[in-house]
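Listed below are the residues making up each chain.
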Amino acid sequence: LLAERVYPGVSSLFRKGFYLLLSGHTTTGLMNVYARQFALEWGDTALLAMIAVMLIGGSACSTAGGMKGLRVGLAAKALAREARRMLAPASAVIEQPYRYHGRRILDDAVLRNALMIMVLYAFTFLLASLANVAAGYPFLDSLFEAASVTGNVGLSIGVATPAMPAFLKLVYIAVMWMGRLEFMAVIALAAFLFKLLGRRS
C-alpha cells in the first residue's frame, strides 16, 4: 500500500488512521492529514470505510451528524427479527428487544421512523454525490465529500474549495441544512408553509 510507504511505521499509520476514523464517525471534522492525502495515500478501502462511518454518524441524542448509530442498530435488529420470523412457526410471537434508556421492544412505529430518516439520508447523499460527479469530480472523491456534507462532518477530500462551482456550493448548503435538521424539521416547516399559503389563497 502507498500509505505504508509514506508513513514511517505501522504505529504512525494506525494512529493517523484511527484518529481520522473516530473524527469521521463522531462527525468532529478534525483532520491530521491534508485533504488530498485521503485520495493519494489512503487507498479505496480506507476511503470506503471513512464514507461508511461518516454516513452512520454519532450516537442518538448527541450533537453529532449522520444517520445516528441507534437508527442503524434498529435496522439491524429488524433484520434479525425478520430472519427469526422466517425460521419460527407461524403461531410464534417474535419480539426483538433493544436498549435505549432501558430495555425496550422494537415496534413497527419506531422502526418506520428510523428507516424513513435513513432513506432520506441515503437519498440526499445520492443527490450530493451525483452533483459532485456532474461537476467533474472523480466518483470516489464525490462519494467521500457527499458523505461529509450530508452528515455535517467537516472532513474534505479536496472538493470543497472556494473555487468549486457555484451550483455545487448551493447544493452543499441545502444538503448540510437538511442533514443537520434530520429532515423531519424541514418536512414540518414545508407542511406549515404549505398550509399557511393555502389559507391565504
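Up top is the structure.
Residues numbered from 1 in each chain as written. Predicted model: local features only at pLDDT ≥ 70, side-chain atom pairs only at ≥ 80, totals over all residues. Heavy atoms only, no water.

S.K.: Would you mind going over a nonpolar patch on the surface in detail, with residue names and values included?
M.R.: On the surface, Trp177, Leu181, Leu189, Phe192 and Leu193 cluster together into a nonpolar patch covering about 480 Å² of accessible area. Take the nonpolar patch: its biggest share by element is 3 residues, from helix H8 (residues 184-200). Mapped onto the fold, Leu181 is located in the loop between helix H7 (166-180) and H8. (Patch = residues over 30% accessible without salt bridge, like charges linked within 9 Å, V, L, I, M, F, W, Y side chains within 5 Å. Areas by Shrake-Rupley, 256 points an atom, 1.4 Å probe, with all protein chains shown as cover. Salt bridge = Lys/Arg side-chain N within 4 Å of Asp/Glu carboxyl O. Helix = DSSP H or I, 4+ residues; strand = E, 2+ residues; numbered from the N terminus.)

S.K.: Lay out the packing of helix H4 (residues 69-87) against helix H5 (residues 108-134) in plain terms, naming residues and giving numbers.
M.R.: If you want to describe how two helices pack, look at the angle between their axes and the distance between the axes. Following both chains from N to C, one finds H4 and H5 inclined at 125 degrees, their axes separated by 9 Å at the closest point. Our classification of the angle between H4 and H5 gives oblique. Classified by chirality, the crossing of H5 by H4 is left-handed. In this structure, H4 contributes Arg71, Val72, Leu74, Ala75, Ala78 and Arg81 to the contact, and H5 contributes Asp108, Val110, Leu111, Ala114, Leu115, Ile117 and Met118. Here the residues of the contact of H4 with H5 are counted per class, giving 10 nonpolar, no polar and 3 charged. (Axes fitted to C-alpha atoms, helices over the stretch in contact; angles between N-to-C directions. Parallel < 35°, antiparallel > 145°, perpendicular 65-115°, else oblique. Left-handed = near helix turned anticlockwise from the far one by under 90°. Contact = heavy atoms within 4.5 Å. Nonpolar A, V, L, I, M, F, W, Y, C, P; charged D, E, K, R; others polar.)

S.K.: Requested: an account of the pattern of salt bridges, with residues and values cited.
M.R.: Per the counting criterion, the structure on display carries 6 salt bridges. Here Arg36 and Asp141 are joined by a salt bridge, their closest N and O atoms 2.9 Å apart. Residue Arg36 is located in helix H3 (residues 35-56), and its partner Asp141 is located in helix H6 (residues 139-150); the two are separated by 105 residues in the primary sequence. The salt bridge partner of Arg71 is Glu182, with a shortest N-O separation of 3.0 Å. In this pair, Arg71 is assigned in helix H4 and Glu182 in the loop between H7 and H8, connecting sequence segments 111 residues apart. Residues Arg71 and Glu182 agree in their burial class; the two are buried. One network of salt bridges, with partners in common, ties together Arg81, Glu82, Arg85 and Asp108. (Buried < 20%, exposed > 50% of the residue type's maximum accessible area, 1.4 Å probe, protein only.)

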